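Next come the chains, spelled out residue by residue.
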Amino acid sequence: MAALTTISDIGTHEGQAVIIRGWLYNLRESGKLLFPIFRDGTGTIQGVVAKNAVAPEVFDALKGLTQESSVIVEGKVRADKRAPGGYELDVNNVQVVQRVPDSDPYPISLKEHGVDFLMEHRHLWVRSPRQAAILRVRAEIIKAARDYFDDRGFVLTDPPILTPAACEGTTTLFPVDYFDEQAFLTQSGQLYIEATAMALGKVYSFGPTFRAEKSKTRRHLTEFWMVEPEVAYATLDDIMELAEGLITTIVQRCLERRRRELETIGRDLSKLEQVTAPFPRITYDEAVKKLQEGFEKGALETKFEYGGDLGAPDETYLASQFDKPVMVHRYPAKVKAFYMEPDPQRPDLALCVDVLAPEGYGEIIGGSQRIGSYEQLRQRIQEHDLPEEAFKWYLDLRKYGGVPHSGFGMGIERAVAWICGLEHVRETIPFPRMLHRMYP
RNA sequence: UCCUCAGUAGCUCAAUGGCAGAGCAUCCGGCUGUUAACCGGAGGGUUGUAGGUUCGAGUCCUACCUGAGGAGCCA
């Protein structure tokens, strides 16, 4: 009796009869020889069907079979130097579970397609080997991030998705009807995990966040996932170290366990192998100096003025100076969020950090030490014109046993895009939500 | 929201203001080692929408629609 197996494990069954359950990826015919390529989600393998070696109904079932028809195939595994994966399957039986109709063939051919067409068929596009590999890397990154925190005594505490108010007043929110009230989809779990950090010490959240920004770039989605740690008694330096450890752990894990997928995607692995601690740390002041030098040298189009936030070309230029992620800390407080602790040495600066990924992938982590003082926080809320009553509970955290604490958020999609070396974050999530796309 | 670009067969793209084309996919035929297989044949079109200029518009003009790339904002 043939053993049920997957294509990824087929090498362990050399010389044996196996059963593969999957789909027809492609079919090449050469007279009385058929070369069907099967995929099952774990990989692809070429079958060989000679007319005089199989029952007529088996040959007829495969001859002319349409792309992406679902099939259960039985055959004998044979090592073959000509096969890209090292093995071929001598088919001796096949069951067509569902045949894709000739009149309405599978739309995504092996030839090239445009972005719009592929996005319109995202539900089918995810079947392609490259997209499937990206989703496997994404899953590995999420697993590695969660293992990193779980192994260090962090507790996963999930913040709500439906929230009564903005976390950061500046960004746009998606409103939703909540019975007789208006609620908003969360744009960060941070404020809530500050509360659970005061309860449990070290916590993190992992979940979707929503931002109704009309951003139309390769780095933006309206719905994206973040992993956010928050640590009681931690300083900015503590969480910079934590961020550095998280990134190196994730990259290392992908190199260990998803090397084959990264190769399928065509990632330059040597770039990832350079990602080791310690990462360069520069202050905002030093970054400004580098940006102004960059302008002098003609590498940047506009001269960076001290006091502003970094734009995308600025981040790209800074990151290009290093072969590993660079941590930029202590930005001017006025360009940053209301909850950030001022630097005691320079109160005009915030104790915050952005981690910029190499190769132009931009900010993948943003974090800070949070304001500890009740009065100062209340003042900032007023300065930012935020509704104080909505933040009453948040202010309570400074009233009842307030401590220095810090945390950061890492955007999963940007991390995936960087590690996979993708042009656009839309390929890093199964069904991206963007300014101009809600379907499928 | 702003700037730039694009929209022609199911897909990817051609077509100087003058007959609407190719490759892939589909269908028919051929091929016993193919690697996005190849070879021969067939079918397949409201050129994004609405106006306008012109003897004549896929091509030029106007508006709109849809999408892409970028900016700002952000992870």
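Residues numbered from 1 in each chain as written. Chains lettered and ligands numbered in written order. Predicted model: local features only at pLDDT ≥ 70, side-chain atom pairs only at ≥ 80, totals over all residues. Heavy atoms only, no water.

Enquirer: Looking at this structure, how should I read the overall build of chain A?
Expert: Looking only at helices and strands, one finds 13 helices and 17 strands in chain A. In terms of principal-axis extent, the alpha carbons of chain A reach across some 85 × 60 × 40 Å. Looking at chain A as a whole, 50% of its 440 residues qualify as buried. The contacts of chain A with a sequence gap of at least 6 include a subset with a gap of at least 24, amounting to 65%. (Helix = DSSP H or I, 4+ residues; strand = E, 2+ residues; numbered from the N terminus. Buried < 20%, exposed > 50% of the residue type's maximum accessible area, 1.4 Å probe, protein only. Contact = heavy atoms within 4.5 Å.)

Enquirer: Looking at this structure, I do not really get the nonpolar core. What am I missing?
Expert: Side chains that are nonpolar tend, in soluble globular proteins, to be buried together. One finds F149, I247, I250, W418 and I419 to be the most contacted residues of the largest nonpolar core, which totals 62 residues. If you tally residues by element for this core, the top one is helix α6 (residues 236-257), at 11 residues. Here I247 is in contact with V275, F279, P325, V355, I364, I365 and W418, once residues within four sequence places are set aside. Counting residues in hydrophobic clusters, the runner-up holds 31 residues, among them F338, Y339, C352 and L356. (Core = buried A, V, L, I, M, F, W, Y, C linked by side-chain atoms within 4.5 Å.)

Enquirer: Looking at this structure, I do not really get the domain arrangement of chain A. What am I missing?
Expert: It is common to report an interface's size as the accessible area lost on association of the parts. Domains assigned within chain A are domain 1 (3-98) and domain 2 (123-427). In this structure, domain 1 and domain 2 have C-alpha centres spaced 46 Å apart. In this assembly, seven residues from domain 1 lie in contact with four residues from domain 2. Across the domain 1/domain 2 interface, buried area totals approximately 440 Å², and carbon plus sulfur atoms make up 42% of it. On the surface where domain 1 and domain 2 come into contact, there are one salt bridge. In this structure, E68 engages R127 in a salt bridge whose closest nitrogen and oxygen atoms are separated by 2.9 Å. Across the domain 1-domain 2 interface, the total number found is two residue pairs in polar contact (both at pLDDT 80 or more). (Domains from an automatic or database assignment. Buried area = accessible area lost by both parts, 1.4 Å probe. Salt bridge = Lys/Arg side-chain N within 4 Å of Asp/Glu carboxyl O. Polar contact = N/O pair within 3.5 Å; in protein donor to acceptor, adjacent residues only side chain to side chain.)

Enquirer: Please explain the sheet that holds strand β7 (residues 155-156) as it appears in this structure.
Expert: One open sheet holds the eight strands; their spatial order is β7-β11-β12-β17-β16-β15-β14-β13, and the pairing between them is mixed. Among the strands making up the open sheet, the edge pair consists of β7 and β13 (281-283). Inspection of the sheet shows β13 paired to strand β14 (residues 326-329) by three bridges, in the parallel sense. Bridge pairing in β14 links R281 to M327. Packed onto the sheet, helix α5 (residues 190-200) meets β7, β11 (202-210), β12 (223-232) and β17 (405-411) and runs at close to 30° relative to β12. (Pairing = 2+ DSSP bridges. Axes fitted to C-alpha atoms, helices over the stretch in contact; angles between N-to-C directions.)

Enquirer: Got a minute to help me understand the pairing of strand β9 (residues 175-178) in this structure?
Expert: Sheet faces and side chains relate simply in a regular strand, where the side chains alternate between the two faces. With four bridges joining them, β9 and strand β10 (residues 181-185) adopt antiparallel strand pairing. Within the sheet, the bridge partner assigned to Y178 lies in β10 and is E181. Count of turn residues in the β9/β10 antiparallel hairpin: two residues, of which F179 carries a positive phi of about 50°.

Enquirer: Looking at this model, I keep getting lost on the protein's contact with RNA strand B. Mind explaining?
Expert: Neighbouring residues of RNA strand B: 47 residues in total, closest R28, E88, L110, R218 and R414. Taking the atoms of RNA strand B that fall within 4 Å of the protein, sugar and phosphate contribute 50% of them. At 3.0 Å from a base nitrogen of RNA strand B is found a main-chain nitrogen or oxygen belonging to G31. With respect to RNA strand B, the side chain of H220 contributes an N or O atom lying 2.7 Å from a base oxygen. Broken down by secondary-structure element, the contributors of at least two residues to the surface near RNA strand B are β2 (17-30), β3 (33-39), β4 (44-50), α2 (115-120), β12 and β16 (362-369). (Near = heavy atom within 4 Å.)

Enquirer: Please explain the side chain of R39 as it appears in this structure.
Expert: Position of R39 among the secondary structure elements: in strand β3. Exposure remark for R39: the relative accessible area of 8% places this residue in the buried category. Separated by 2.7 Å, the side chains of R39 and E68 make a polar contact. If we skip the residues at most four places from it in the chain, R39 touches I7, G22, W23, Y25, T44, E68 and R127.

Enquirer: What's the story with the packing of aromatic side chains in this structure? I'm lost.
Expert: The geometry of an aromatic ring pair comes down to the distance between the two centres and the angle between the two planes. Applying the stated rule across the entire model yields 14 aromatic pairs. Seen from their ring centres, Y178 and F179 are 5.1 Å apart, and the 70° between their planes marks the pair as edge-to-face. Judged by its relative accessible area of 74%, F179 falls in the exposed class. Consider the rings of Y192 and W393, whose centres lie 4.7 Å apart with planes at 20°: the pair is stacked. With Y192 in helix α5 and W393 in helix α12 (residues 392-399), this residue pair connects regions lying 201 residues apart in the sequence. A residue is classified by how much of its surface remains accessible, and Y192, at 21% relative accessible area, is partly exposed. Overall, the relative accessible area of 28% leaves W393 in the partly exposed class. An aromatic cluster is present here, built from Y192, F338, Y339, F391, W393 and Y394 joined pairwise through their rings. For the cation-ring pair, K336 lies above Y331, with the distance from its terminal atom to the ring centre recorded as 4.2 Å. Over the aromatic face of Y394 sits the side chain of R398, whose NZ or CZ is 4.4 Å from the ring centroid. (Phe/Tyr/Trp six-rings, centres within 6.5 Å; stacked < 30°, edge-to-face > 60°. Lys NZ or Arg CZ within 6 Å of the ring centre and 35° of its normal.)

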